[in-house]
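An overview of the molecular structure
These are the residues of each chain, in order.
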Amino acid sequence: MPQITVEYSAELTDAFDRRGFALALHAPAAGLLEGPLDDFKTRFYAIGESVIGEDSGSNAMIHVELAILSGRAPETKQELGRIALETASRYLAPVPGLTVQVTVEVRDLDRVNYHKRVMV
C-alpha cells in the first residue's frame, strides 16, 4: 500500500521525469498516510493512443491513480491528491504545441481482495 499507477501520453516520454516524480511523491505521501516508505510502489504506462476532446492532436495527458487502504479521512485523500497533482506538474517540462491535462484519482484499495508478501 499504496499502489500508484501513472498513465501518460507517449508524447510526454522525454518531458515527464517519471522517476523524479515517484521519488518526490513517496516521502510526503508516506508522511501523510503514516505508512512505511518501502510500501510505496509506482508503475508507469505510456499510452500510445488516446483521444482528448475533439482530438486536435495538440493534447496530451497524465493520470495518476493512488489506491490506498480505506479508512482515511476525506481531508487526507484531498491532501494526497493535491500533493500528487503538484508533484506531477513539477516534474513535467513544457512541450511546445501540446496542452497537457494532469489528473489525479485517489481511491480505496479495500474494494478488491488485496494480498501482499515481501520476499528477501
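To keep things clear, this report deals only with the structure shown in the data block. Just so it is clear, the model here is predicted, and its values are computed rather than measured.

**What to know about the sheet that holds strand S1 (residues 3–9)**
Backbone hydrogen bonds are what pair the strands of a sheet, in a parallel or an antiparallel way. Taken together, the four strands give an open sheet; going across it, the order is S2-S1-S3-S4, and neighbouring strands pair in mixed fashion. Sheet topology places strand S2 (41–47) and strand S4 (99–108) at the edges, where each strand pairs with a single neighbour. Averaged over all pairs of adjacent strands, the angle between strand axes in this sheet comes to 15 degrees, irrespective of strand direction. Looking at chain direction, strand S3 (residues 59–68) and S4 are connected through 10 bridges and run parallel. Across the sheet, the residue bridging to Met61 is Gln101, located in S4. Most of the contacts of helix H1 (residues 18–33) go to S2, to which it runs at about 140 degrees, and overall it touches S1, S2 and S3.

**Details of helix H2 (residues 74–90)**
End to end, H2 covers 24 Å across 17 residues, agreeing with the expected 24 Å (1.5 Å per residue, within 8%). Taken together, the buried positions of H2 are occupied by Thr76, Leu80, Gly81, Ile83, Ala84, Thr87 and Ala88. Down the axis of H2, the buried side of the element spans an arc of 160 degrees, and every buried residue falls inside it. Along H2, the residues that are exposed and aim more than 90 degrees away from the buried face are Pro74, Glu75, Gln78 and Arg90. Looking at the buried positions of H2, the neighbouring elements they touch are H1, S3 and S4.

**A look at the side chain of Thr42**
One can find Thr42 in strand S2. Side-chain polar atoms of Thr42 contact the side chain of His26, separated by 2.7 Å. Every residue in contact with Thr42, bar those within four places of it in the chain, is listed here: Ile4, Val6, Ala22 and His26.

Thresholds applied
- Residues numbered from 1 in each chain as written.
- Predicted model: local features only at pLDDT ≥ 70, side-chain atom pairs only at ≥ 80, totals over all residues.
- Heavy atoms only, no water.
- Pairing = 2+ DSSP bridges.
- Helix = DSSP H or I, 4+ residues; strand = E, 2+ residues; numbered from the N terminus.
- Axes fitted to C-alpha atoms, helices over the stretch in contact; angles between N-to-C directions.
- Contact = heavy atoms within 4.5 Å.
- Expected span 1.5 Å × (residues − 1).
- Buried < 20%, exposed > 50% of the residue type's maximum accessible area, 1.4 Å probe, protein only.
- Arc of directions from axis to C-beta.
- Polar contact = N/O pair within 3.5 Å; in protein donor to acceptor, adjacent residues only side chain to side chain.

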